[in-house]
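Read off the chains here:
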Amino acid sequence: MSVKLSIIYYSSTGTNYQLAQWAKAAAEAKGAEVRLVKASETAPMGAIESNPAWKEHYEATKDVPEATSDDITWADALLFSVPSRFGTMPSQMKQYIDSQGGLWATGQTVNKVVSAMSSAQNPHGGQEATILSLYTSMMHWGAIIAAPGYSDPVLFGAGGNPYGTSVTVSGEGEMQEDVKGAVEHQVNRTLDITSMVVNSSN
C-alpha cells in the first residue's frame, strides 16, 4: 500500500511553493500518493497588490487547491512548508491549523506523521523557531514528528537545520542555499517513517 502524503504550504512570493513542488516530485518518485494544497490567503487584496511579487505569485497559483480538513483525514503523513513571520508560522497557516478542532476532538489527528520546512530573509530570521512553532501544535494533535535531524550529509550543505529543511531568501526572492537535496531527503525519511507506522497498525 502506498503512503498518502498531503503537502500543505503557504507562500506569499513563491519560495515555499517551490519547496512544496520539490517535495511533491520526490514523494511521487518514491511511489506515494500526493496532494499539494495551500492554506487559504487571508491578507487583504490591498496588501497583496502593494507587493508586485506577492500579487504575481497569488495570480499564478490561483488554481492550486486550498487545504481542507479532508486533506488531513485522507493522509497518512503531512508535510508543511511555511515562511517565518516574526519567528512563528504565518497567520494563514495558523488559521488552518486552528480550524481543525473537530478532527482533534475526535482523535483524527493522532498518529499522523508530520514534518515541516520553512524560509526567512536571513539565517537567524526565525527559520528554526517557525518550524518549532508548528511542531508544538502537532504535539497537541498527538502526531508523530519526523524531523530530519542529521540523518544525511546533504543536510549540512543546506544549512544544517535538524528540525526541517529551511532556506534563506534574499530581498530579490532568490534562495541563498541549495536545499533541493535536503527537501528530497526529508520527504524520503518522512515516507519511510510513515510506512513503519502504517505497517505496524495493520
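As the structure is a computational prediction, the values presented were derived from the model and not from experiment.

Colleague: Can you walk me through the UniProt feature "domain: Flavodoxin-like" (unreviewed entry) in the chain in this structure?
Modeller: Mapped onto the present numbering, the UniProt feature "domain: Flavodoxin-like" (unreviewed entry) falls at residues 5-191. Secondary structure over residues 5-191 splits into 42% helix and 17% strand, and the C-alpha atoms at its two ends are 8 Å apart.

Colleague: Please clarify how the packing of helix α1 (residues 15-29) against helix α9 (residues 180-201) should be interpreted in this entry.
Modeller: In helix packing, the relevant descriptors are the interaxial angle and the interaxial distance, both defined with respect to the helix axes. For the pair α1 and α9, the least separation of the axes is 9 Å and the interaxial angle reads 50°. Relative to α9, the element α1 lies oblique. Considering only the axes of α1 and α9, their crossing is right-handed. For the pair α1 and α9, contact is made by Leu19, Trp22, Ala23, Ala26 and Ala27 and by Lys180, Val183, Glu184, Val187, Asn188 and Leu191, respectively.

Colleague: Sorry, what's going on with the packing of aromatic side chains here?
Modeller: The way to describe two aromatic rings as a pair is by their centre distance and the angle between their planes. Taken as a whole and judged by the stated rule, the model has 2 aromatic pairs. Consider the rings of Tyr9 and Tyr17, whose centres lie 5.4 Å apart with planes at 35°: the pair is tilted. Tyr17 carries the same exposure label as Tyr9, and that label is buried. Aromatic pair Tyr150 and Phe156: ring centres 5.3 Å apart, planes at 20°, arrangement stacked.

Colleague: What's the story with the nonpolar core in this structure? I'm lost.
Modeller: Inside soluble globular proteins, nonpolar side chains tend to come together where they are buried. Within the largest apolar cluster, 29 residues are counted, with the highest numbers of intra-cluster contacts made by Leu5, Ile7, Ala23, Ala27, Leu79, Val187 and Leu191. At the level of elements, β1 (4-9), α1, β2 (33-38), β3 (77-83), β4 (113-120) and α9 are the ones that each hand at least two residues to this core. Of the residues forming this core, the biggest block, 6 residues, is contributed by α1. Aside from chain neighbours lying at most four places away, what touches Ala27 is Leu5, Ala32, Val34, Val187 and Leu191. With 27 residues, the next largest nonpolar core counts Val37, Ile72, Val82 and Tyr96 among its residues.

Parameters and conventions
Residues numbered from 1 in each chain as written. Predicted model: local features only at pLDDT ≥ 70, side-chain atom pairs only at ≥ 80, totals over all residues. Heavy atoms only, no water. UniProt positions renumbered as here; feature names shortened; annotations may be inferred. Helix = DSSP H or I, 4+ residues; strand = E, 2+ residues; numbered from the N terminus. Axes fitted to C-alpha atoms, helices over the stretch in contact; angles between N-to-C directions. Parallel < 35°, antiparallel > 145°, perpendicular 65-115°, else oblique. Left-handed = near helix turned anticlockwise from the far one by under 90°. Contact = heavy atoms within 4.5 Å. Phe/Tyr/Trp six-rings, centres within 6.5 Å; stacked < 30°, edge-to-face > 60°. Buried < 20%, exposed > 50% of the residue type's maximum accessible area, 1.4 Å probe, protein only. Core = buried A, V, L, I, M, F, W, Y, C linked by side-chain atoms within 4.5 Å.

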